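# Structural description and commentary
Take a look at the letters that make up each chain.
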Amino acid sequence: MNKYSGFGLLKHGLSYHENWQRAWRNPKPKAKYDVVIVGGGGHGLATAYYLAKVHGVTNIAVVEKGYLGGGNTARNTTIVRSNYLWDESAHLYEHAMKLWEGLSQDLNYNVMFSQRGVLNLGHTLQDMRDIQRRVNANRLNGIDGEVLDTQQVQEIVPIMDCSANTRYPVLGASWQPRAGVARHDAVAWGYARAADALGVDLIQQCEVDDIITEDGAAVAVHTKQHGLIKADRIGCVVAGNSSVLAKMAGFSLPLESHPLQALVSEPIKPILDTVVMSNHVHGYVSQSDKGDLVIGAGIDGYNGYGQRGSYSTIEHTVQAIIELFPIFSRVRMNRQWGGIVDTCPDACPIISDTPVENLFFNCGWGTGGFKATPGSGHVFAATLAKGEAHELAKPFSMFRFNDGSLIDEHGAAGVAH
Ligand code: FAD
Ligand code: PYC
């Protein structure tokens, strides 16, 4: 009997949750690996999986200071879309989108990818011009997108206040039908299980506190719990802590670390079957399969590493949601949390070699890296396997900040910035 079949689930249900098989091993680290990946979030685990599956590199360790997926991967609000403005980022996020579309089958694990569509609302003439420009650019890149007017938006979301006499009337929206949401922790678990099955060592409760270099090249990580682990190549994928790791290796990154908050309401009956985002009113909302409203807005303005955030951000976020959805005014909020996001000056990631040979960084995804998880892992795996940037990663080198070839995606990064 397949343990994932209906009968398998029933049998395990009746066994009082005892004697379950581990989904992945709990190995002791070896003295040396071909590749050590620092950070066991979705991006790090996806990198390990594609390194093993696509490039045949299986002597890999993923070292994670806490538990797998315990960082931003399981703290985000799960929005997946690829409607970015510039060719470089549009190609990268669309590469991820295509991988999302086959991910549950590829991993043999249900990541609950639900293509329920994403609306980015426009409330001013300038918003609508920007939307028109972005949708045109998307379509030229083969990415699905439509510009909707108020009436069409109202048909998709009947419960939203689209009347003309609101403070910020909805003039229209961009609509990406293939966009949606996925179950974030399942993404970490699916990649972890599949990477483990290919021989990758997943080492939890293992914090890197130094990066060891010899003659300008990285040769090992030092960990608090297991001492030195040597590696031919090291990939750092430590969202929120990237500057800390870079400092260990003796260079700095153009990143700022900020808290980003989210909140969920008590569960209510299904009422919202798409994702609504508004840069202008500054809030976004979707409804989880469980019924909770999943809500967020922008970063807290200060730098910090506390995974909390301040009350004023919560207050503004909830005001924005009620502005759009007066019907939610009496729904109670159940939980709030924060994650630390590394934001880049151009709202684009860094997927790059570094001034230290054999040391690579994948970071700076800011408020929007969940959607990129499969694509980021896929191109970073190629970068680590070959020692040079994958074609899609080339524009995202950290050295773009030396020559000014920035890719400004603040518009598409949108509401969470
Ligand atoms: P993480 O999951 O954070 O993984 C990094 C790992 O590195 C962590 O597990 C951490 O413990 C580990 N680590 C750090 N330092 C060390 C060390 N010294 N040694 C060993 N391990 C270390 N993106 C979207 O696309 N859509 C959204 O809707 C969205 N909503 C968001 C909402 C919130 C509230 C937040 C906080 C983020 C949101 N994001 C969203 C952004 C997204 O979550 C991140 O960009 C993405 O998850 C980053 O993935 P990751 O695997 O790199 O990071
Ligand atoms: O990047 O789509 C996004 C996003 C939504 C909420 C946080 N980030």
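Okay, so let's go over this structure. Keep in mind the model is a prediction, meaning the values are calculated, not measured.

### Topic: the site of ligand 2
By nearness alone, nine residues border ligand 2, and Arg 81, Tyr 284, Thr 367, Gly 368 and Lys 371 come closest of all. Within the side chain of Arg 81, an N or O atom sits 2.8 Å from an oxygen atom of ligand 2. Measuring from an oxygen atom of ligand 2, one finds a side-chain N or O atom of Lys 371 at 2.5 Å. Starting from 240 Å² of accessible surface for ligand 2 in isolation, the protein chains cover 96%. In terms of residue class, the shell around ligand 2 is built from four nonpolar, three polar and two charged.

### Some details on helix H7 (residues 184-197)
A rise of 1.5 Å per residue sets the reference length of H7, with its 14 residues, at 20 Å; its end C-alpha atoms lie 20 Å apart and thus fit the reference within 8%. Burial analysis of H7 places 12 of its 14 residues in the buried class, which makes it a mostly covered element. Taken as a whole, H7 has its buried residues at His 184, Asp 185, Ala 186, Val 187, Ala 188, Gly 190, Tyr 191, Ala 192, Arg 193, Ala 194, Ala 195 and Asp 196. Of the surrounding elements, those touching the buried residues of H7 are helix H2 (42-55), helix H3 (87-101), helix H4 (103-107), strand S8 (201-203) and helix H10 (373-386). Where H7 ends, the next residue or the one after it, Gly 199, has phi of about 100°, a positive value.

### Here's the deal with a nonpolar patch on the surface
A cluster of nonpolar side chains, contributed by Phe 7, Leu 10 and Leu 14, occupies part of the molecular surface with about 380 Å² of accessible area. Along the chain, Leu 14 turns up in helix H1 (residues 6-14). Classification of Leu 14 as exposed rests on a relative accessible area of 59%.

### Description of the site of ligand 1
In the vicinity of ligand 1, 37 residues are found, and the nearest of them are Glu 64, Asn 72, Thr 73, Thr 77 and Lys 371. One nitrogen or oxygen atom from the main chain of Thr 78 is found 3.3 Å from an oxygen atom belonging to ligand 1. One of the backbone N or O atoms of Phe 370 is found 3.0 Å from an oxygen atom in ligand 1. For ligand 1, whose accessible area on its own is 1,000 Å², the fraction buried by protein is 96%. A total of three residues in the shell around ligand 1 trace back to one element, the largest contributor, which is strand S12 (residues 256-265).

### Focus on the side chain of Ser 89
Residue position: Ser 89 is located in helix H3. In terms of polar contacts, Ser 89 uses its side chain to reach the side chain of Glu 409, at 2.4 Å. Setting aside anything within four residues of it in sequence, one finds Ser 89 in contact with Tyr 84, Cys 348, Phe 396, Ile 407 and Glu 409.

### Quick notes on unusual backbone geometry
Glycine aside, negative phi is the norm for most residues, and most peptide bonds take the trans geometry. In the Ramachandran plot, Met 112 falls in the positive-phi region, its phi being about 55° despite a non-glycine side chain. Topologically, Met 112 is positioned in the loop between H4 and strand S4 (118-122). Here the phi dihedral of Ala 347 falls at roughly 60°; this positive angle occurs in a residue that is not glycine. Take Ala 347: it is sitting in the loop between strand S16 (333-343) and strand S17 (350-353). Relative accessible area serves as the criterion here: at 11%, Ala 347 is assigned to the buried category.

Definitions and cut-offs
Here, residues in each chain are numbered from 1, in the same order as that chain's written sequence. To read the labels, note that chains go from A and ligands from 1, taken in the order they are written. Given that this is a predicted model, residues contribute local features only at a pLDDT of at least 70 and side-chain atom pairs are listed and counted only at 80 or more, while totals for whole chains, interfaces and linings are drawn from all residues. In computing side-chain values, all of the structure's heavy atoms are included and hydrogens and water are not. Any residue with at least one heavy atom within 4 Å of a molecule or strand is counted as near it. What qualifies as a polar contact is a pair of N or O atoms within 3.5 Å, subject to a donor-acceptor requirement within protein and to the restriction that residues adjacent in sequence count only when both atoms come from side chains. Note on areas: Shrake-Rupley, 1.4 Å probe, and residue coverage restricted to the protein chains presented here. Residues were grouped as follows: Ala, Val, Leu, Ile, Met, Phe, Trp, Tyr, Cys and Pro as nonpolar; Asp, Glu, Lys and Arg as charged; and all remaining residues, including Gly, as polar. The way it works is that DSSP assigns letters per residue, a run of H or I at least four long becomes a helix, a run of E at least two long becomes a strand, and they are numbered from the N terminus. To estimate how far a helix should reach, multiply one less than its number of residues by 1.5 Å. Burial classes: relative accessible area under 20% of the type maximum marks a residue as buried, over 50% as exposed, and values in between as partly exposed (1.4 Å probe, protein chains only). Two residues qualify as a contact provided that any one of their heavy atoms is within 4.5 Å of a heavy atom in the partner residue. Like-charged residues are merged into a patch within 9 Å and nonpolar side chains (Val, Leu, Ile, Met, Phe, Trp, Tyr) within 5 Å, provided each residue has over 30% relative accessible area and no salt bridge. A carboxyl oxygen of Asp or Glu within 4 Å of a side-chain nitrogen of Lys or Arg is what we treat as a salt bridge.

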